[in-house]
Amino acid sequence: MTKKPQVMVLGSGRAVPEKVLTNADLEKMVDTTDQWILSRTGIRERRIVEPGVGLSELATAAAQRALADAGVAAEEIDLIIVGTVTGDMKFPATACLVQDRLGARRATAFDLSAACSGFLYSLQVAQGLMTTAGYRRALVIGGDVLTSMVNWEDRDTCVLFGDGAGAVVLGPSDGERGLLHCYLRSDGAYSGLLYNPGCGSLNPPTPENVRERLNSIVMNGREVFRHAVTSMTEALTRVLEEAGIAAGDIDLLIPHQANLRIIEAVSKRFDMPQERVYVNVERYGNTSAASIPIAFDEARRSGVLQPGNLVAMVTFGGGFTWAAGLMRC
Ligand SMILES: CC(C)(COP(=O)(O)OP(=O)(O)OC[C@H]1O[C@@H](n2cnc3c(N)ncnc32)[C@H](O)[C@@H]1OP(=O)(O)O)[C@@H](O)C(=O)NCCC(=O)NCCS
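Below: a short report on this structure. Computed from a prediction, not measured in an experiment: that's the story for all the values here.

Under the counting rule described, the total for this entry stands at 13 salt bridges. Residue E176 pairs with K4 through a salt bridge whose shortest N-O separation is 2.8 Å. One end of the pair, E176, is in the loop between β7 (163–172) and β8 (178–186); the other, K4, is in the segment before β1 (7–15), with 172 residues separating them in the sequence. For the pair E176 and K4, a shared accessibility class is recorded, and that class is exposed. D297 serves as the salt-bridge partner of R301, at 2.8 Å between the closest nitrogen and oxygen. Residue R301 and its partner D297 are both found in helix α11 (residues 291–302); the two are separated by four residues, about one turn of the helix.

And the structure:
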């Protein structure tokens, strides 16, 4: 039987850059076609930041919208976690930059690195700190500017990614609504299938390393695809089993928006009808840690997700990391 939730979402928000990069634009940059990208990924366009815009700008805008939606003042926030692998800088944490921009002076702020699983990991960590360490109002943000590590000459990867941020404000549950259960996993044995070799302590951004494109994403697409389907299926199965909930009770499934074919393969395994699976990958591409909170906010604001609905979220990313969460909205 499901435990009573202890924390719930009080408000949500999202922010994506204005600039749109379409498949037709990419046709002019690399040897690809709109038809190839659409049929293999479901992506039509993605949003990309202008030079000079870092993650903190998007994350702050998403957070401000979430705070306004929740009716919570920045000074009331005592915890900020940003799930990201593309913070403005190596340090300070982007969460600290967001804290400053918001004026959330009372908050403890830090980033969490779990690639595309960053939002669900952050949600679970926030819940843990709220229930064991006395935090009352948390901002959980998932955001990435993956285009900052895209090699625009590599057609295998550059067509897949976009930029964005999504945020939720968490507070104590009203007893019925809130986060019911999370399931988090990782396996570093697969770190070599999806990674960014440069920019860290192993390969610092020397002129030579940059020339060799070590600062770009390296991916084995076929293997990542296969593991994504298997791991997302496992995470969703386990979170449902552990919570004692049937797949048929899910009102809305929000999968990580990496590839429409991955989403369809996972949904099919749970007999989820199309209308109960949220998809926006055609407009944003893969926004990494931002993909679930952006979709969550869209679904809430458009009325697709109603108060009382049961939402299941499931993700997969570099590490490998994978996770699922169940929430009563
Ligand atoms: C990347 C991905 C879309 C490729 O689709 P695929 O059906 O596996 O395609 P393949 O890798 O088999 O490549 C097929 C061919 O298309 C080519 N190709 C790759 N990218 C292309 C592009 N943008 N345009 C045109 N052709 C392309 C390949 O070079 C290959 O050519 P070849 O057969 O002559 O060698 C798919 O593997 C995928 O989505 N993987 C998961 C990626 C992901 O989600 N990463 C993030 C996880 S969080």
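As a further point, take the sheet that holds strand β5 (residues 108–112). Read across the sheet, five strands follow the order β1-β7-β6-β4-β5 without closing on themselves; strand pairing throughout is mixed. Edge strands, defined here as strands with exactly one partner in the open sheet, are β1 and β5. Taken pair by pair, the neighbouring strands of this sheet meet at an average axis angle of 15°, ignoring direction. Judged from the eight bridges that link them, β1 and β7 form a sheet pairing that is antiparallel. Residue V7 lies in a different strand from β7, and its bridge partner there is P172. Helix-sheet contacts for helix α3 (residues 55–70) involve β1, β4 (79–83), β6 (138–145) and β7, and the interaxial angle to β1 is about 130°.

What follows covers the site of the ligand. Taken together, 23 residues form the shell around the ligand, and within it T32, R40, G221, R222 and N259 come nearest. A distance of 2.7 Å is found between an oxygen atom of the ligand and a side-chain nitrogen or oxygen belonging to R222. One of the side-chain N or O atoms of R261 is found 3.1 Å from an oxygen atom in the ligand. Broken down by secondary-structure element, the contributors of at least two residues to the shell around the ligand are α2 (34–41), α6 (155–158), α8 (221–243), α9 (260–269) and β12 (310–317). Here the element with the most residues in the shell around the ligand is α8; it accounts for four residues.

Below, the discussion takes up the environment of H256. Inspection of the secondary structure assignment puts H256 in the loop between β11 (252–255) and α9. Under the relative-accessibility criterion, H256 is labelled buried at 3%. Note: C-alpha distance between H256 and N280 (24 residues apart in sequence) is 9.9 Å. Filtering out sequence-adjacent residues up to four positions away, H256 remains in contact with C116, M232, I263, N286, S288, S291, I292, V314, T315 and F316.

Rules used throughout
- Residues numbered from 1 in each chain as written.
- Predicted model: local features only at pLDDT ≥ 70, side-chain atom pairs only at ≥ 80, totals over all residues.
- Heavy atoms only, no water.
- Salt bridge = Lys/Arg side-chain N within 4 Å of Asp/Glu carboxyl O.
- Helix = DSSP H or I, 4+ residues; strand = E, 2+ residues; numbered from the N terminus.
- Buried < 20%, exposed > 50% of the residue type's maximum accessible area, 1.4 Å probe, protein only.
- Pairing = 2+ DSSP bridges.
- Axes fitted to C-alpha atoms, helices over the stretch in contact; angles between N-to-C directions.
- Contact = heavy atoms within 4.5 Å.
- Near = heavy atom within 4 Å.
- Polar contact = N/O pair within 3.5 Å; in protein donor to acceptor, adjacent residues only side chain to side chain.

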